[in-house]
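Coordinates in review
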Amino acid sequence: MRSTNSSPLAAIVAAIASAVLPLHIATAQVDPTAGNAPAATAPQAQPNLVVIIADDLGYADVGFNGCEDIPTPGIDRIAREGARFTDAYVTAAVCGPSRAGLITGRHQDRFGSCQNPTVDPSVPNNGVPTTERNIAELLRPAGYTSIAVGKWHLGTFPGLHPQDRGFDQFYGFLTGGHNYFPENLTLEDLSEVNEPWAWYRTKLLDNGVRVGTKKYLTDELSDRAVRFIDDHEQGPFFLYLCYNAPHTPLQATEEYLARFPDIADKRRRTYAAMVSAMDDGIGRVLDALDRKGLAANTLVVFLSDNGGAENNASRNTPLRGYKASPFEGGIRVPFALRWPGVAEAGAVFGHPISSMDIAATIVEAAGPLARAQVRETHPLDGVDLRPFLSGERDGRPHETLFWRWVEKGHAAVRHADLKLIARGAEGGGDLLFNLAEDEGERRNLLRADLPGISPDPLHAALTQWFEGLVPPAYPPLGSWKFND
Ligand code: CA
């Protein structure tokens, strides 16, 4: 997703800006209500990296984006002591491909991880191909120790598991979702799966060994993340903490449900409890960094892997659509990061960024041994955010961002504040929005009664982007068949 600065695109954006409304320009602004941040000292070499991913969390379901019925003090602390991002995007509107883009720093449609993969462990290459290098693989030669905790969803076939892919440790599950109560985790392995969704019931993998657990899953994952920090204070490390909360099934303990007696809707109440449990864990992770004196030299990133889903009572307000949708509610996510000395406490960053920027940023920050792992033949699509966060560079990290919905035949491109959703006549017709004035994507600028704005330059940009893409490299999630 390299920036595209073709003159036709620039021209159309300039035309929109003058004809409609001034372009929405939001640069880093300091929130005067920001709390006490860790001391803003210059970062040392090789920062630690903590990436915390929520699963199907709504854009509006964190305090820093205005959520009122679910307190998220742990998550909000990241934004308050660091920066929040109003226009942060993931590379796909569903879990698997989004994570593939995030963890490689490259758009997953370049290497075939275009859709949620089958979790049938007998299907070869059902994840990120070994021709790609993920963040752990990029950082390992630079001396980093890495752990993946929680949901993997980047390959169940042998050779694609976390510890085959640069991670020193793994505690979690290989599939795209999981049951939360320990008494439900009864299968010894994926080999025992005999019906769809039974893969949600495997015991957890603890460094290659299936283990029994005693706690609510979210608490288990938090415990392991905290333990890893406690054991690795010498650093540098990469903690990839992938909660499956608040992805379905909607399951919460009485302890967390009791926090929300005033939420009448049962589904929303359970969702709130799940988010609250995750938020507790994130608070504990931040506390562990403090306890070990690591906060000043650790980049902490929090985001959701896609927008809130229709089936988990999440909210993406004011965005349109949900998980899987080409509208902003599918791909724009809650996003905050804390990095003392780089991101000013309380900053609000309004330009579009991408989840792929995490890899690009840490690779640059980790030094030449990490940078050397990025091959010229596999350039990163993310950009190093440090100069934009520090104010050294002004403007947009990405002028243009692209998406593809390979199963549906849809695609989308955002150039500056103009967004084209290309669906074709059979998919409902194309849509063009100016996000600066229409964040909720309600006013299609291609309507016949509106002043003519040609979408051709945006179509041309998409066509050019497609030239670098490949078809899906594996069968989709629903392809694992069982005998009745
Ligand atoms: Ca997801």
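Residues numbered from 1 in each chain as written. Predicted model: local features only at pLDDT ≥ 70, side-chain atom pairs only at ≥ 80, totals over all residues. Heavy atoms only, no water.

Along its length, the protein carries 12 helices and 17 strands. Over its C-alpha trace the protein gives a radius of gyration of 21 Å, about what one expects of a compact globule, namely 23 Å for 484 residues. Seen through its principal axes, the protein has C-alpha atoms that stretch 60 × 60 × 55 Å. Sorting the 484 residues of the protein into buried and exposed places 61% on the buried side. Taking contacts inside the protein between residues at least 6 apart in sequence as the whole, the part at least 24 apart equals 71%. Accessible surface, the protein as shown: approximately 17800 Å² in total, 50% of it carbon and sulfur. (Helix = DSSP H or I, 4+ residues; strand = E, 2+ residues; numbered from the N terminus. Rg over C-alpha atoms; globule rule 2.2 N^0.38 Å. Buried < 20%, exposed > 50% of the residue type's maximum accessible area, 1.4 Å probe, protein only. Contact = heavy atoms within 4.5 Å. Areas by Shrake-Rupley, 256 points an atom, 1.4 Å probe, with all protein chains shown as cover.)

This next bit is on the sheet that holds strand β17 (residues 431-434). The pairing of strands in a sheet happens through backbone hydrogen bonds and is either parallel or antiparallel. With respect to topology, 4 strands assemble into an open sheet ordered β14-β15-β16-β17, the strand pairing being antiparallel. The sheet is open, and its two edges are formed by β14 (400-405) and β17, each paired on a single side. On average, each strand axis in the sheet is tilted by 10 degrees relative to the strand beside it, whichever way the strands run. As defined by bridge partners, strand β16 (residues 418-422) adjoins β17 across 4 bridges and the pair is classed as antiparallel. Pairing of Ile421 across the sheet is with Leu431, part of β17. (Pairing = 2+ DSSP bridges. Axes fitted to C-alpha atoms, helices over the stretch in contact; angles between N-to-C directions.)

Let us now look at the pairing of strand β9 (residues 237-242). Working note: regular strand, side chains alternate between the two faces of the sheet. For β9, the buried fraction is high: 6 of the 6 residues fall into the buried class. Because side chains alternate across β9, one face comprises the buried residues Phe237, Leu239 and Leu241, and the other comprises Phe238, Tyr240 and Cys242, equally buried. Both strand β2 (residues 48-54) and β9 contribute to a ladder of 5 bridges, which runs parallel. The residue bridging Ile52 from the neighbouring strand is Leu241, located in β9. The pairing of strand β5 (residues 145-151) with β9 spans 6 bridges and is classified as parallel. In the strand pairing of β9, Ala148 is matched with Tyr240.

Take helix α9 (residues 357-366) next. Burial analysis of α9 places 9 of its 10 residues in the buried class, which makes it a mostly covered element. Taken residue by residue, α9 has Asp357, Ile358, Ala359, Ala360, Thr361, Ile362, Val363, Ala365 and Ala366 as its buried positions. Positive phi appears at Gly367, one or two residues downstream of α9, with a value of about 105 degrees.

Attention now moves to the coordination of the calcium ion. Distances from the calcium ion to its protein donors, namely Asp55 (OD), Asp56 (OD), Cys95 (SG), Asp305 (OD), Asp305 (OD) and Asn306 (OD1), fall within the range 2.2 to 2.6 Å. The site at the calcium ion holds 6 donor atoms, and with the angles between them running 54 to 162 degrees, its shape is irregular. Mapped onto the sequence, the residues coordinating the calcium ion show the spacing D-D-x38-C-x209-D-N. Remark: Cys95 occurs in helix α3 (residues 95-104) and Asp56 occurs in the loop between β2 and α2 (73-81); sequence separation between them is 39 residues. (Donors = N, O, S within 2.8 Å, 3.2 Å for Na, K, Ca; no water. Tetrahedral: all angles 85-135°; square planar, octahedral: opposite > 155°, others 65-115°.)

Moving on, we get to the confidence of the model for the protein. Chain-level statistics for the protein give a pLDDT mean of 92 and a share of 91% at 70 or above. Every residue in residues 1-7 scores below 50 in pLDDT, and together they form 22 contacts with partners more than four places removed in sequence or on other chains. Every residue in residues 13-43 scores below 50 in pLDDT, and together they form 58 contacts with partners more than four places removed in sequence or on other chains. (pLDDT = per-residue confidence, 0-100.)

Cis peptide bonds are those with omega within 30 degrees of zero, and the linkage from Gly235 to Pro236 qualifies with -10 degrees. With omega at 5 degrees, the peptide bond leading from Thr248 into Pro249 counts as cis. Within the secondary structure layout, Pro249 lies in the loop between β9 and α6 (254-257). Although it is not a glycine, Ala313 sits at a positive phi angle of roughly 70 degrees. Checked against the element boundaries, Ala313 lands in the loop between β10 (298-304) and α8 (328-331).

Turning our eyes to something else, we now look at the pattern of salt bridges. By the definition in use, this model includes 36 salt bridges. What you see here is one network of salt bridges that share partners, running through Asp87, Glu328, Arg332, Arg396, Arg414, Asp417, Lys419, Glu439 and Glu441. (Salt bridge = Lys/Arg side-chain N within 4 Å of Asp/Glu carboxyl O.)

Counting through the fold element by element, His415 comes out in strand β15 (residues 410-415). A polar side-chain atom of His415 sits 3.4 Å from the main-chain carbonyl oxygen of Glu399. (Polar contact = N/O pair within 3.5 Å; in protein donor to acceptor, adjacent residues only side chain to side chain.)

This part takes up the environment of Leu458. Examined against the element boundaries, Leu458 turns out to sit in helix α12 (residues 456-466). Measuring from C-alpha to C-alpha, the distance between Leu458 and Ser325 comes to 19 Å, with 133 residues separating the pair along the chain.

Relative to the assigned elements, Glu137 resides in helix α4 (residues 135-139). Here the side chain of Glu137 touches Asn134 through a polar contact of 2.7 Å, landing on its backbone nitrogen.

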